[in-house]
Amino acid sequence: MADALLQVTERGLYCAAGDFYIDPWQPVTRAVITHAHADHARPGSKRYLTSPTGAAMLRLRVDSYARIVAQPFGESLHVNGVRVSLHPAGHLLGSAQVRVEHQGEVWVVSGDYKTEVDATCEPFELVPCHTFITESTFGLPIYRWRPQSEIFTDINQWWQQNQAQGRTSILFAYALGKAQRVLAGVDATLGPILIHGAVHRFVHAYRNAGIVQPTTLYADSDAARRYRGEALVIAPPSAAGSSGWLRKFGPTSLAFASGWMRIRGARRRRAVDRGFVLSDHADWDGLLTTIRATGAERIGVTHGYTSTLVRYLVEQSMDAFVMLTRYEGETSGDAIDNEDAAQDASGITGDETMADNAMISDASASSFGHDEE
Ligand SMILES: [Zn+2]
Ligand SMILES: [Zn+2]
């Protein structure tokens, strides 16, 4: 493995031939970023390469002086002689798989991915390769998702039942990705939709990218009071711990939308009334189907149920191995959202601009691959 095209180092997944990292967990010179969830996109690096739609979200995560290079999906860039291209991962808006090619050898890093088509992001693209590095967040046979249309029907019914009982519907969903997917999927004619500030800034970025989201209101005290008993409120999971924030909505029903809701105990631990099994990750079948379809001879497995998935693949006579990374899967939601909640305290309203876009350059004009300052 010493001459492997990609290897796990102290700073992250490293390509020695091209001298760049993919989703590094420590600051580096060149970071290729699969998507803007906090465990994959960490601040401190000098230069970032990511998809154009992912760039706006990444800008919200990293230092303002960092250079972000937007690389269109499917286009190749040569980084110190290594060919790098990004391909949609279907996980959230702008999420990418990273294809790395050197001397005829092709590796693909999935980042997080799902194969079910989702109205709020680019559809997953299958990329043939010799070595496929897959996530395994839900890599257990118990994780099998129902079609999202059925889940949205359940959410709509729950909202209507709550209205009939004079309860405000509070739905906890990760602020980036899940919240926007829920917004696009619910029936907005049922009543007003309020959103927490942590969710708002990402909804704003999605709208700027042309993703259709229903009309939303900022969930301040006035709106909360006015729409008690009728509204659907989308908030990050961390808001569940804030009884003061919840009180302003009057009587409530609490729900959580996550793949983890497949497990009854997870619902109890979250202290919510309802769990909606809606995940932005591939389920067990989705993982296995994708792994086989890539035609890869070797499978590296990152964050999640790594050992279970590796054991299963090895039993199927595949060459599979665990890659120890510091990505956290959906469990990282709390850490992400606590950070977002802090932003909420500062009172985000609807008037941010995307002026930061000026800091994002396109790949053709970039020096991502060169060493000059
Ligand atoms: Zn993710
Ligand atoms: Zn992940």
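Residues numbered from 1 in each chain as written. Chains lettered and ligands numbered in written order. Predicted model: local features only at pLDDT ≥ 70, side-chain atom pairs only at ≥ 80, totals over all residues.

Observations regarding the overall build of the chain
Broken down by element type, the chain carries ten helices and 20 strands. Buried residues in the chain amount to 50% of all 373 residues. Long-range contacts, defined here as pairs at least 24 residues apart, represent 62% of the contacts in the chain between residues at least 6 apart. (Helix = DSSP H or I, 4+ residues; strand = E, 2+ residues; numbered from the N terminus. Buried ≥ 20, exposed ≤ 12 C-beta atoms within 10 Å, placed from the backbone. Contact = placed C-beta atoms within 7 Å.)

Details of the pairing of strand S11 (residues 131–136)
In terms of residue burial, S11 counts as a mostly covered element, since six of its six residues are buried. The two faces of S11 match: Thr131, Ile133 and Glu135 on one face and Phe132, Thr134 and Ser136 on the other face are all buried. Examined bridge by bridge, strand S10 (residues 105–109) and S11 share three bridges and lie parallel to one another. Bridging from a neighbouring strand, Val108 pairs with Phe132 of S11. Here five bridges tie S11 to strand S18 (residues 298–304), and the two strands are oriented parallel to one another. (Pairing = 2+ DSSP bridges.)

Section: the confidence of the model for the chain
On average, residues of the chain score 89 in pLDDT, and 88% of them are at 70 or above. Here residues 332–358 is modelled with pLDDT under 50, and outside its nearest four sequence neighbours on either side it reaches 45 contacts, counting other chains as well. (pLDDT = per-residue confidence, 0-100.)

Regarding the sheet that holds strand S16 (residues 252–257)
The strand order S14-S13-S15-S12-S16-S17 describes an open sheet built from six strands, whose pairing is parallel. Looking along the sheet, the strands with just one partner apiece sit at the ends: strand S14 (217–218) and strand S17 (274–276). Here strand S12 (residues 168–172) pairs with strand S15 (residues 232–235) via four bridges, running parallel. Residue Phe172 lies in a different strand from S15, and its bridge partner there is Ala235. Packing of helix H2 (residues 148–164) onto the sheet brings it into contact with S12, S15, S16 and S17, and relative to S17 it is tilted by some 155 degrees. (Axes fitted to C-alpha atoms, helices over the stretch in contact; angles between N-to-C directions.)

A short note on the sheet that holds strand S19 (residues 319–322)
What holds strands together in a sheet is hydrogen bonding between their backbones, with the strands either parallel or antiparallel. With respect to topology, seven strands assemble into an open sheet ordered S7-S8-S9-S10-S11-S18-S19, the strand pairing being mixed. Strand pairing shows two members of the sheet lacking a second neighbour, strand S7 (76–79) and S19, which therefore form its edges. Averaged over all pairs of adjacent strands, the angle between strand axes in this sheet comes to 25 degrees, irrespective of strand direction. With four bridges joining them, S7 and strand S8 (residues 82–88) adopt antiparallel strand pairing. For Leu77, the partnering residue across the bridge sits in S8 and is Val84.

Considering the nonpolar core
Ranked by internal contacts, the top residues of the largest apolar core, which has 104 residues, are Leu171, Val233 and Ile234. Here the element with the most residues in this core is helix H4 (residues 197–208); it accounts for six residues. For this core, the two domains that each supply at least three residues are domain 1 (7–143 + 281–329 + 350–365) and domain 2 (148–276). (Core = buried A, V, L, I, M, F, W, Y, C linked by C-beta atoms within 7 Å. Domains from an automatic or database assignment.)

Overview of the packing of helix H3 (residues 178–185) against H4
A pair of packed helices is characterised by two quantities: the angle between their axes and the separation of those axes. Relative to each other, H3 and H4 sit at 65 degrees, their axes nearing to 9 Å. Classified by the angle their axes make, H3 and H4 are roughly perpendicular. By crossing handedness, the relation of H3 to H4 is classed as right-handed. Residues Ala179, Gln180 and Leu183 of H3 lie in contact with H4, whose contacting residues are Val199, Phe202, Val203 and Tyr206. In the contact of H3 with H4, the residues fall into six nonpolar, one polar and no charged. (Parallel < 35°, antiparallel > 145°, perpendicular 65-115°, else oblique. Left-handed = near helix turned anticlockwise from the far one by under 90°. Nonpolar A, V, L, I, M, F, W, Y, C, P; charged D, E, K, R; others polar.)

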